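# Descriptive analysis of the structure
If you want the building blocks of each chain, they are given just below.
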Amino acid sequence: MAALGAQLDRVRSGVGAVVLIEGAPGMGKTRLLAEGIRMAGRMGFRAGGGAAEPGGTVVELAPLMAALFDGDAPLLDRSALQPPHLLPEQRYWLLQDLQALLERAAMEQPLLVCLDDMQWADGGTAAALRALPARLAALPVAWLITFHPDQASPQLSSALEHLERSGAEKIVLGPLDEAAVVQVAVDVMQAEPDEALGDLISRVRGSPFLLMELLSGLREEDLVRIGSHRAELVEDRLPVRVRDSMREQLKRMAKPSREAAIVAASLGRSFSFTELATMLDQSPSSLLAAVDDLIAARVLLERGERLAFRHDIIRDAVRAAVPVSARRALDRQAADVLLAAGATPVEVATQLAASAEPGDEGAVTTLFKAAEALAQSDPGAAADLSRRGLELAPRRHRLRGPLVAETAVWLHEAGRVDEARTFADTSLREALPAAEEAEVLLSIAGMFGLSPDARVDAGRQALALPDLPPALHARHLACLVHNLVVGGRADAAREQLPAARAAAGDSADAIAVFMLDLAEGGLEVIEGRFPRALALTEAAARSGSARHDYARERLAQEWRGEILMLLDRVAESIELTADGIAAAHRDRQGWALHIFETWRGRQSLQVGRLNDAVAILEGQLNPEQEERQESILDVAGVVALGRAAVHIGDARLQRVTARLAEPMVHHGPPSSRRQAAWLLALQAMATGDAARARSWLCSFGEQERTSILPLFPVNVTDEPRLTRIAVAARDDELAETSVAAAERRAELNPGVRTIAAVAAHARGLMTGDERDLARAAELLDDGPRPLALASALEDLGAARVRHGAAEDAIGAFERALTVYARAGAAWDAARVRRRLRAQGVRRRLISPSRPETGWAAMTDSELAVAKLVAQGLTNREVAEQLFLSPHTVGTHLRRVFAKLDINSRVALTRLAVRGAR
């Protein structure tokens, strides 16, 4: 109670808090939660509570929704919640909506969200617990969460561990000690227990629930005599209700009461009188006496308009008193009764899955409906239900084919790729004709969240099937080319391209043509023909727009933005990115928002907005991603974040990105492996370890080091960095290969200043020719890539020092220092200062760098976020105004708090008001 009080008092100051309450059944978790709600009410909080139900692990967000929207005075207004959309990211947007509503409510009054028995929580609630407390940490929202650790799902255990690592307070309710047991006895008996009573109550081994049962039973059966402030045990035996097992207690009850208790246990923790009567096939009036007996026996209690078991221990004991076969039959019957009473298939799915027997057609149909309902938010749970439906389905059941097809897709969507591959090999071909199997595999081949290698496998499986319809064959070929390109297998993609073009032409299939245009555009990028790549990608974008295929249109739009950047058409690329983010907000496309935000972060790195790049890219590494980095664009985002961390000298982020990159070097498609090896090489070079940098480039073999670039997606300023590693490691072959690649790209893209400058820069590094380096700096001057300019200037200065032109070298170093400082590249700036000191120069910057704390320390983006938040806007409202994702807003806000040395929105608003005065 003291710990809860301290946390609630802290929350009243404007910050969030999480308290985890762990304990076995009967240890008082629910009672402590109830006391917390009463305490919060006295402190001015609004509180809401919800509890997970046994068998409710597939009911999406049920306990959280109950806590927020149910009760006499709900925390949130359900009508303010946007209606659900059947989107692949339904859970993503629902959590965004809930966050926005909680933000708004917490700005008016502190909130307490109580979630009981989370060991039975669904995957959606587990995801919410990973996300919402962290997102709302700067607002007065307290979370009290109870659970029994031995029964928690892996998803919930992971979420609870994440909360504890993030600072949640944990209270473990274990058995009462001997002194506490005696205190409870004194409180109940209003007298000190004698020695015999003390020995008896010690048998409950400190369980508060069982202790209260024992003490209440002793009083009811007159087994204790109270006198002279002493409680004496009259007869040394346990009360009947404690002594006997539930099986024995049920035997002593009248038959109607016994049957009612057993049947009620299959209906769940709570149930209606009507549902109980239906199960027993009796009229409600005939059950009155039986229900009264169960209430009098303290088995049941009334909870509002429903009946409920007084404690889970009692319900479990009733169920354990019934043979397993009878219990399964009753559970199966209860599922039908609950469905008839209005329960959804999802609400009875777990009970059906456990109780139905093979051949139960009604169960098969209900499980499939439940799986379909879950698929948008929890494909893993959907796959488990559909597989159970398959086990129950007769061989020729009408749903067998759809169950197999959807299970294969849902397993892939859940990221269970090995399991999905095994399932497809054993079940898909047996259940479906070739064309239907190919349709399923096409869905898998088009899942951009999967590793490109998994998508390629699906495509090759489909193309091996006989007699595919021409359009389906063409789509698979086109998708295969695309997946080979993004997986870093350009040679294999180029081999497949002629056959794919022929198939697309013969079938005149617009989707196949779109995918091929996009894929061939990627090949042209890898080969350095950027104008041709742009033409192909623009054709694909027009195709997607004409067909109102918004998913493909977004994808083509992002690729087009990448290519425009390569061609130095930076303003157009940035505008396209902003349009993509706005469209993703408007159309509630979470995947598109993630793609465009990640690209914006990489864009910010290239144009020298390092603080923005870090805020955006770090914002995309959030708990909801569940540490999965399958998409090549996600990998590129990690690499860009790591590169930005080197520039700004952020050692923590360098460690984070290195930990993510190191496993990628050894697993996954070549594109991801090369990206990861490149980052690790750059980080090693940043410490001056050229040999270590070169060893990372040789991760795939000595000869393969020369093909590490170009990466996909391409960064046209990489070749000078590769040449620098080669020169420092005395690897002439690598240096020559790097320079040749840069010069070929310049020939293929005449008139693009950055590309010409990169070629000159790389050659100047290899040859030491000051003129090439000066030419590179000249071409990059006033261009869109300040970091590339500063790098060329720094190398030019170093060359001039070697050639004895110290004064000219100082001028180049000072210009480089100014550019680095303006970009926020603190680590680079420090290195150039050392170069200047070596020349005897200790000159201050022309424009002073930002201070580390206070309003003046903020970037323009951070100031914009801070001002809008101080005006009372939610994260989502800020995101929509500034064309950002809510995750990026959250990252900016954390940085604002750090610079102002505050921890809440309340404090930010006070500072803003004070500053306005």
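Procedures and definitions
- Residues numbered from 1 in each chain as written.
- Predicted model: local features only at pLDDT ≥ 70, side-chain atom pairs only at ≥ 80, totals over all residues.
- Heavy atoms only, no water.
- Helix = DSSP H or I, 4+ residues; strand = E, 2+ residues; numbered from the N terminus.
- Buried < 20%, exposed > 50% of the residue type's maximum accessible area, 1.4 Å probe, protein only.
- Contact = heavy atoms within 4.5 Å.
- Areas by Shrake-Rupley, 256 points an atom, 1.4 Å probe, with all protein chains shown as cover.
- Pairing = 2+ DSSP bridges.
- pLDDT = per-residue confidence, 0-100.
- Patch = residues over 30% accessible without salt bridge, like charges linked within 9 Å, V, L, I, M, F, W, Y side chains within 5 Å.
- Salt bridge = Lys/Arg side-chain N within 4 Å of Asp/Glu carboxyl O.
- Lys, Arg positive; Asp, Glu negative; His and termini not counted.
- Charge placed at Lys NZ, Arg CZ, Asp CG, Glu CD.
- Axes fitted to C-alpha atoms, helices over the stretch in contact; angles between N-to-C directions.
- Parallel < 35°, antiparallel > 145°, perpendicular 65-115°, else oblique.
- Left-handed = near helix turned anticlockwise from the far one by under 90°.
- Nonpolar A, V, L, I, M, F, W, Y, C, P; charged D, E, K, R; others polar.
- Core = buried A, V, L, I, M, F, W, Y, C linked by side-chain atoms within 4.5 Å.
- Expected span 1.5 Å × (residues − 1).
- Phe/Tyr/Trp six-rings, centres within 6.5 Å; stacked < 30°, edge-to-face > 60°.

For the protein, the count of helices and strands is 46 helices and 11 strands. C-alpha extents for the protein along the principal axes are approximately 105 × 70 × 50 Å. When burial is assessed residue by residue, the protein has 56% of its 917 residues classed as buried. Within the protein, contacts between residues separated by at least 24 positions form 68% of all contacts whose residues are at least 6 apart in sequence. Summed over its atoms, the accessible surface of the protein is roughly 38600 Å², and 50% of this surface lies on carbon and sulfur atoms.

Looking at chain direction, strand β7 (residues 224–227) and strand β8 (residues 230–233) are connected through 4 bridges and run antiparallel. Residue pairing for β8: Ile 226 is matched across the bridge by Ala 231. Between β7 and the antiparallel strand that follows it, β8, lie 2 residues; Ser 228 among them carries a positive phi value of about 50 degrees.

With that out of the way, let us pick up the confidence of the model for the protein. Of all residues in the protein, 96% have pLDDT values of 70 or greater, and the mean over the chain is 90. Predicted confidence for residues 623–629 stays below pLDDT 50, and this span has 17 contacts to residues more than four positions away or in other chains.

This part takes up a positive patch on the surface. Together, Arg 833, Arg 834, Arg 837 and Arg 842 make up a positively charged patch on the protein surface. The residue Arg 842 is located in the loop between α42 (826–838) and α43 (860–870) in this model. When its relative accessible area of 74% is taken as the criterion, Arg 842 is described as exposed.

Let us now look at the sheet that holds strand β11 (residues 306–309). Read across the sheet, 3 strands follow the order β9-β11-β10 without closing on themselves; strand pairing throughout is antiparallel. Whereas interior strands pair on both sides, the edge strands pair on one side only; in this sheet they are β9 (270–271) and β10 (300–303). Note that β9 and β11 share 2 bridges and pair antiparallel. Paired with Ser 270 across the bridge in β11 is Ala 308.

For β10 and β11, the ladder comprises 4 bridges, and the chain directions are antiparallel. When the sheet's bridge partners are listed, Arg 303 is paired in β11 with Arg 306. Between β10 and the antiparallel strand that follows it, β11, lie 2 residues; Gly 304 among them carries a positive phi value of about 65 degrees.

Turning our attention to the packing of helix α22 (residues 434–445) against helix α24 (residues 470–486). The interhelical angle for the contact between α22 and α24, taken along N-to-C directions, is 25 degrees, at an axis separation of 10 Å. Considered as vectors, α22 and α24 are oriented roughly parallel to each other. Along this stretch, α22 crosses α24, giving a crossing that reads as left-handed. Between α22 and α24, the residues in contact are Ala 435, Ala 438, Glu 439, Leu 441, Leu 442 and Ala 445 and Leu 472, Arg 475, His 476, Cys 479 and Asn 483, respectively. Grouping the constituent residues of the contact of α22 with α24 by class yields 7 nonpolar, 2 polar and 2 charged.

Here we take up the packing of helix α29 (residues 570–587) against helix α30 (residues 590–606). Close contact between α29 and α30 brings their axes to 9 Å; oriented N to C, the two are set at 155 degrees. Here α29 lies roughly antiparallel to α30, going by the angle between them. When the axes of α29 and α30 are compared, the crossing they make is left-handed. Contacts between α29 and α30 involve Ser 573, Ile 574, Leu 576, Thr 577, Ala 578, Gly 580, Ile 581, Ala 584 and His 585 on the former and, on the latter, Ala 592, Leu 593, Phe 596, Glu 597, Trp 599, Arg 600 and Gln 603.

Once that is clear, we can look at the nonpolar core. Ranked by size, the top nonpolar core spans 112 residues in total, and within it Leu 276, Phe 309 and Ile 444 carry the most contacts. Ile 444 has contacts with Ala 408, Val 409, His 412, Leu 450, Arg 455 and Ala 458, leaving out every residue within four places of it along the chain. Core analysis: the second largest hydrophobic core is formed by 41 residues, Leu 64, Leu 81, Ala 105 and Val 113 among them.

The next subject is unusual backbone geometry. For the bond from Leu 709 to Pro 710, the omega torsion is 5 degrees, close enough to zero to count as cis. When you line up the elements, Pro 710 lands in the loop between α35 (690–697) and α36 (718–728). At the junction of Phe 712 and Pro 713, the peptide bond is cis and its omega measures out at 5 degrees in the coordinates. Mapped onto the secondary structure, Pro 713 falls in the loop between α35 and α36. In the Ramachandran plot, Arg 205 falls in the positive-phi region, its phi being about 55 degrees despite a non-glycine side chain. Within the secondary structure, Arg 205 is located in the loop between α8 (195–201) and α9 (208–220). Given the relative accessible area of 72%, Arg 205 is considered exposed. Phi at Ser 228 takes a positive value of approximately 50 degrees, unusual for a residue other than glycine. By the element assignment, Ser 228 lies in the loop between β7 and β8.

One can find Glu 275 in helix α13 (residues 273–280). According to the relative accessible area criterion, Glu 275 is buried, its value standing at 11%. Measuring from C-alpha to C-alpha, the distance between Glu 275 and Ala 341 comes to 7.3 Å, with 66 residues separating the pair along the chain. For Glu 275, the contacting residues outside a window of four places in its chain are Leu 267, Arg 306, Val 337, Leu 338 and Ala 341.

Here we come to helix α34 (residues 670–686). Residue pairs spaced three or four apart in an α-helix point in one direction, given the helix's 3.6 residues per turn. The terminal C-alpha atoms of α34, which comprises 17 residues, lie 24 Å apart, in line with the 24 Å expected from a rise of 1.5 Å per residue. Taken across its 17 residues, α34 has 14 buried, putting it largely inside the fold.

With that settled, consider the environment of Phe 596. Relative to the assigned elements, Phe 596 resides in helix α30. Sequence separation of Phe 596 and Ala 67 is 529 residues, and the distance between their C-alpha atoms is 34 Å. Residue contacts for Phe 596: discarding those within four places in its chain leaves Arg 554, Gln 557, Glu 558, Leu 576, Thr 577, Gly 580 and Ile 581.

In this structure, Arg 602 sits in helix α30. With residues up to four places along the chain from it excluded, the contact list for Arg 602 reads Glu 558, Glu 562, Leu 617, Leu 633, Ala 636, Gly 637, Ala 640 and Pro 713.

Our focus in this paragraph is the packing of aromatic side chains. Inspection of every chain in the model, using the stated rule, returns 2 aromatic pairs. With a centroid separation of 5.7 Å and 65 degrees between ring planes, the pair formed by Trp 559 and Phe 712 is classed as edge-to-face. One end of the pair, Trp 559, is in helix α28 (residues 550–566); the other, Phe 712, is in the loop between α35 and α36, and 153 residues separate them in sequence. No difference in accessibility class separates Trp 559 from Phe 712, as the two residues are buried.

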